[in-house]
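The primary structure of each chain is shown beneath.
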Amino acid sequence: MSQIRNYFKNIFTGLRSLLKGMTVTGYYFRNARKEIITQQYPDNKASLKMFDRFRGIVVMPHDENNLHACTGCTACEIACPNGSIEILAPREVDPETGRKKRVINQFVYHFSMCTLCNLCILACPTDAIKMDQTFEHSVYDRSLLTQILNKPGSKLDPNVKE
Amino acid sequence: MLLSIYDFSEFFQSIDNWLTSTFPEPIASLIGWVLIGVTAIGFVAFLGLSLVYVERKIAAWFQQRIGPNRVGFQGILQTVADITKLMLKEPLSPGNSDKFLFNLAPFIMMLAPFLVISMLPYAKGLQVMDMNVGVLFVTAVSSVGVLGILISGWSSNNKYSLIGAMRSGAQVVSYELSAGLSLMVIIVFSGSLQFGEIIESQATGWWIFRGHLPVWIAFVIFLIAGTAETNRGPFDLAEAESELTAGFHTEYSGIKFAFFFLAEYINLFIIVTLAVTLFLGGWMPLHIGHWEAFNNIADIIPSFIWFVGKVSAIIFLLMWFRWTFPRLRIDQLLTLEWKYLLPISLVNLVFAAFITLMEWHF
């Protein structure tokens, strides 16, 4: 007897769960105009806003006086799992204190090797580098992917504590 | 002779009279057949293309996407562009495949829908042939389609194709039973196998309203079994993109693939037309018993608009099924048919016969 009851119970619970699923998709269908998540990419270039956590490319922000915050400590270079950061920073003698000090000459960034894993940004003690949200990075020549992130003539911001 | 939108029979009668009076007998018939054939091909092409577009658009809305919107206004020419591309592509046949059967299968797939659409009534007087065993003919011929699937799977020399074809064979052969038995309920009620008479029998109300419980059960079972027969929706094991790449038509390309693709949508239309004709009155406007005033108002809307409206509603329902329900496993599929649908539809048929005998229906 219980088997027969289960048989019919199966049918009705099955039908009810199917109807429940249909109400969910029916809600999507009725609100299709409002809740569309597709981006009409090339058309909405002007208004396109990426998500906060989107990682596009590593950049080094400079302020209006052409100052950056990179001390050349190479923490990012050590943290990088695939060697896409190379810091060329010869040690120079500081004329005031007489101590040897690293000053970055070139912060070389190989975008062709970068996996955008964010480890360099986490490793940086002075927040000198960050992830930018741009994503149109295709180029016709591979050498263009190797970039120097510090702008020519830029200096270390004197307010940054080493 | 004016083309009346309420009754097409006079219009076609006048064409027939003109043909027989202008040409000698065998040539007149020949021209008539050619006209019907060309109309059928055009209708199938139009139907396939528009249904593919509608399906893609509706699927997009169910999944909060936009769908095709680049080619033409709102992407309305997208399927035309697709079919043009498919026609220009090379129809490849794989090595070690059975070339003859491989090339034959797409035509068998298209053969069954073409035979069936000539039997279906689209509006008052708009039907190629009203055979006196129309329902039987349609159910018999529409199962030829599974031959095409089996042949294509067998001849492709591909494991995916073979598995897909075997699944499809098991599925279609099983679900044909409950689909046929649920159609039998209406045949019991209306007492005829002829589409014209079945529609005339619904002049005082569609069977879904007059036949109450057994017809409701039969309607639901027919929708489920019909979805399974067309290899759609939650029953698309024969294609099962995630498991079998594309199932039985994995190896097909170009226009031969397009045949499979179009046949799927024509079969959808056929199943829906059958459901509409038998359960929802076909082109018959909504009539309620002997409320003459109401019936006359319903008659103002032409019959083909009633037909198109009902067919669109049921097609939308089946697309809703397809984009909501998860795909069944093969054992679940066969359990559903043999342990649930078939016993229920057998009992339902006896129940319907009893109700007809006692004249409990309205």
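What counts as what
Residues numbered from 1 in each chain as written. Chains lettered and ligands numbered in written order. Predicted model: local features only at pLDDT ≥ 70, side-chain atom pairs only at ≥ 80, totals over all residues. Helix = DSSP H or I, 4+ residues; strand = E, 2+ residues; numbered from the N terminus. Rg over C-alpha atoms; globule rule 2.2 N^0.38 Å. Buried ≥ 20, exposed ≤ 12 C-beta atoms within 10 Å, placed from the backbone. Domains from an automatic or database assignment. Pairing = 2+ DSSP bridges. Axes fitted to C-alpha atoms, helices over the stretch in contact; angles between N-to-C directions. Core = buried A, V, L, I, M, F, W, Y, C linked by C-beta atoms within 7 Å. Contact = placed C-beta atoms within 7 Å. Parallel < 35°, antiparallel > 145°, perpendicular 65-115°, else oblique. Left-handed = near helix turned anticlockwise from the far one by under 90°. Nonpolar A, V, L, I, M, F, W, Y, C, P; charged D, E, K, R; others polar.

Draft legend 1. Focus on the overall build of chain A. Helix and strand content of chain A: three helices and nine strands. Seen in sequence order, chain A has helices and strands lined up from the N terminus as α-β-β-α-β-β-β-β-α-β-β-β. Computed over C-alpha atoms, the radius of gyration of chain A comes to 27 Å, more than 25% over the 15 Å expected from 2.2 N^0.38 for 162 residues, which places it beyond the range of a compact globule. C-alpha atoms of chain A, sized along the principal axes, occupy 95 × 40 × 35 Å. Across the 162 residues that make up chain A, the buried fraction comes to 12%.

Draft legend 2. Summary view of the domain arrangement of chain A. With domains assigned, chain A is organised as domain 1 (2-37) and domain 2 (57-156). On a C-alpha basis, the centres of domain 1 of chain A and domain 2 of chain A stand 54 Å from each other.

Draft legend 3. Representation of the sheet that holds strand E3 (residues 85-88) of chain A. Residue and element names in this part refer to chain A. Spatial ordering of the open sheet is given by E3-E6-E8, a layout of three strands whose pairing is antiparallel. Either end of the sheet is taken by a strand with one partner, and the two such strands are E3 and strand E8 (146-148). Here the average twist between neighbouring strands, direction ignored, is 20°. In this sheet, strand E6 (residues 106-110) lies alongside E3 in antiparallel orientation, the contact comprising four bridges. Considered in E6, the bridge of Leu88 is made with Gln106.

Draft legend 4. Representation of the nonpolar core within the structure. Residue and element names in this part refer to chain B. In this structure, Ile186, Phe222, Ala225, Val272, Ala275, Leu278 and Phe279 are the most contacted members of the largest nonpolar core, which totals 78 residues. Looking at which element gives the most residues to this core, the answer is helix H12 (residues 254-279), with 17 residues. Filtering out sequence-adjacent residues up to four positions away, Leu278 remains in contact with Leu183, Ile186, Ile198 and Trp207.

Draft legend 5. Representation of the packing of H12 of chain B against helix H14 (residues 303-322) of chain B in the model. Residue and element names in this part refer to chain B. The contact between H12 and H14 brings their axes to 9 Å, and the two run at 120°. One element, H12, and the other, H14, form an angle in the oblique class. When the axes of H12 and H14 are compared, the crossing they make is right-handed. Of the residues in H14, those in contact with Leu268, Val272, Thr273, Ala275 and Val276 of H12 are Lys310, Val311, Ile314, Ile315 and Leu318. Counted by class, the contact of H12 with H14 contains eight nonpolar, one polar and one charged residues.

Draft legend 6. Region of the structure containing the packing of helix H2 (residues 25-62) of chain B against helix H3 (residues 78-88) of chain B. Residue and element names in this part refer to chain B. Look at H2 against H3: their axes get within 8 Å of each other, and the N-to-C directions meet at 120°. When the interaxial angle is binned, H2 and H3 end up oblique. The chirality of how H2 crosses H3 is right-handed. Here Leu49, Val52 and Tyr53 of H2 lie close against H3, whose contacting residues are Gln78, Thr79, Val80 and Ile83.

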